[in-house]
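Take a look at the letters that make up each chain.
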Amino acid sequence: MQLAIASDHAGYPLKAALVPWLEAAGHDVLDLGTNGTASVDYPDFGRALAEAVASGRAERGIAVCGSGIGISIAVNRHPALRCARVDDPLSATLARQHNDANAVAFGARLIGEEMARAILTAFLSADFEGGRHQHRVDKLGAPQETLA
């Protein structure tokens, strides 16, 4: 699977640990930065991730910052993205199954490398169930005036 991954400075160490693990698992990884622990602005990296997924350069995105909150908000500013901020494998699975999440975010200050791997394993192996969830997902990318 083609994956895009991005982080801010707080998420960089975890991102740096995950990239080779993802590649060893057979994924093609588009690393969008940052590439160190010098302070950067997470919206810039969230936007880059969203654009990579929305354009088709990546099938799914992985966003990491200190808490996972700021970068998930940045990713979700793009109407084609459904980025779920998760802390555990079950929420990652449900984000795919029920919400057709095409990106996941987590906080490097809140979870460790093993939990991040478990989250990604769940997220990347789950499929969208469609059915009763489809019309709700359709509303997520719809302009406000079309919502009923």
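See the structure above.
Model, not experiment: these values are computed from the prediction.

**Some details on the nonpolar core**
Counting residues in hydrophobic clusters, the biggest one holds 23 residues, and the most contacted among them are Leu-22, Ile-62, Val-104, Phe-106 and Leu-120. Of all the secondary structure elements, the ones that give two or more residues to this core are strand E1 (2-7), helix H1 (12-24), strand E3 (60-65), helix H4 (89-99), strand E5 (103-107) and helix H5 (113-125). Per-element accounting of this core gives the leading share, six residues, to H5. Beyond its immediate sequence surroundings of up to four residues, Ile-62 is in contact with Leu-3, Ala-4, Ile-5, Ala-6, Leu-22, Leu-49, Val-104, Phe-106 and Leu-120. Ala-4, Ala-50, Val-75 and Cys-83 belong to the second-largest nonpolar core, a separate cluster that totals 17 residues.

**Concerning the side chain of Thr-34**
Its place among the elements puts Thr-34 in the loop between strand E2 (28-31) and helix H2 (42-54). The class of Thr-34 is buried, set by a relative accessible area of 10%. Other than its neighbours up to four places away in sequence, Thr-34 contacts Ser-7, Asp-8, His-9, Tyr-12, Lys-15, Val-40 and Phe-45.

**Some points on the environment of Asp-31**
Summarising the element assignment, Asp-31 is placed in strand E2. Its relative accessible area of 35% is what places Asp-31 among the partly exposed residues. Separated by 31 residues in sequence, Asp-31 and Ile-62 have C-alpha atoms that sit 9.7 Å apart. Ignoring anything within four residues of it in the chain, the contact list for Asp-31 reads Ile-5, Lys-15 and Val-19. Among the polar contacts listed, one links the side chain of Asp-31 to the side chain of Lys-15, at a separation of 2.6 Å. There is a polar contact of 2.9 Å between the side chain of Asp-31 and the backbone nitrogen of Gly-33.

**Focus on unusual backbone geometry**
Cis rather than trans, the peptide bond between Gly-33 and Thr-34 has omega equal to -5 degrees. The phi dihedral of Asp-100 falls on the positive side, at around 50 degrees, and the residue is not glycine. Position of Asp-100 among the secondary structure elements: in the loop between H4 and E5.

**A closer look at the packing of aromatic side chains**
Under the criterion given, the structure shown has zero aromatic pairs. Residue placement shows Arg-60 over the ring face of Phe-123; its charged tip is 5.4 Å from the ring centre.

**Observations concerning the packing of H4 against H5**
For the pair H4 and H5, the least separation of the axes is 8 Å and the interaxial angle reads 25 degrees. Our classification of the angle between H4 and H5 gives roughly parallel. Considering how the two elements wind past one another, H4 and H5 form a crossing that is right-handed. For the pair formed by H4 and H5, the contact residues are Pro-89, Ala-92, Thr-93 and Arg-96 on the first element and Met-115, Ala-118, Ile-119, Ala-122 and Phe-123 on the second. Within the contact of H4 with H5, the residues separate by chemical class into seven nonpolar, one polar and one charged.

Rules used in this analysis
- Note that residues are indexed from 1 along each chain, following the sequence as it is written.
- In view of the model being predicted, local features appear only for residues whose pLDDT reaches at least 70, and side-chain atom pairs are presented and counted only at 80 or more, with totals across whole chains, interfaces and linings using the full set of residues.
- Side-chain figures throughout are based on the complete set of non-hydrogen atoms in the structure, without hydrogens or water.
- Note on terminology: a nonpolar core comprises buried Ala, Val, Leu, Ile, Met, Phe, Trp, Tyr and Cys residues joined through side-chain atoms within 4.5 Å.
- Only protein chains enter the accessibility calculation, which uses a 1.4 Å probe; a residue is then buried when its area is under 20% of its type maximum, exposed when over 50%, and partly exposed in between.
- Per the convention used, a helix needs a DSSP run of H or I reaching at least four residues, while a strand needs a run of E reaching at least two, with both numbered from the N terminus.
- Note on definitions: a residue-residue contact is assigned when non-hydrogen atoms from the two residues lie within 4.5 Å.
- What qualifies as a polar contact is a pair of N or O atoms within 3.5 Å, subject to a donor-acceptor requirement within protein and to the restriction that residues adjacent in sequence count only when both atoms come from side chains.
- Stacked, tilted and edge-to-face are the three classes applied to pairs of Phe, Tyr and Trp rings, where Trp contributes its six-membered ring and a pair requires centres within 6.5 Å; stacked means planes under 30 degrees apart, edge-to-face means over 60, and tilted covers the rest.
- Only Lys NZ and Arg CZ are tested; either one counts as a charge over a ring when it is within 6 Å of the ring centre and within 35 degrees of the ring normal.
- Between N-to-C directions, angles cover 0 to 180 degrees, with each direction set by a line fitted to C-alpha atoms, over the stretch in contact for helices.
- Oblique is the label for any angle not covered by the other classes, which are roughly parallel (under 35 degrees), roughly antiparallel (over 145) and roughly perpendicular (65 to 115).
- In this scheme the handedness of a crossing depends on how the near helix is turned from the far one: anticlockwise by less than a right angle means left-handed, clockwise means right-handed.
- For this classification, the nonpolar set comprises Ala, Val, Leu, Ile, Met, Phe, Trp, Tyr, Cys and Pro, the charged set comprises Asp, Glu, Lys and Arg, and every other residue, Gly included, is treated as polar.

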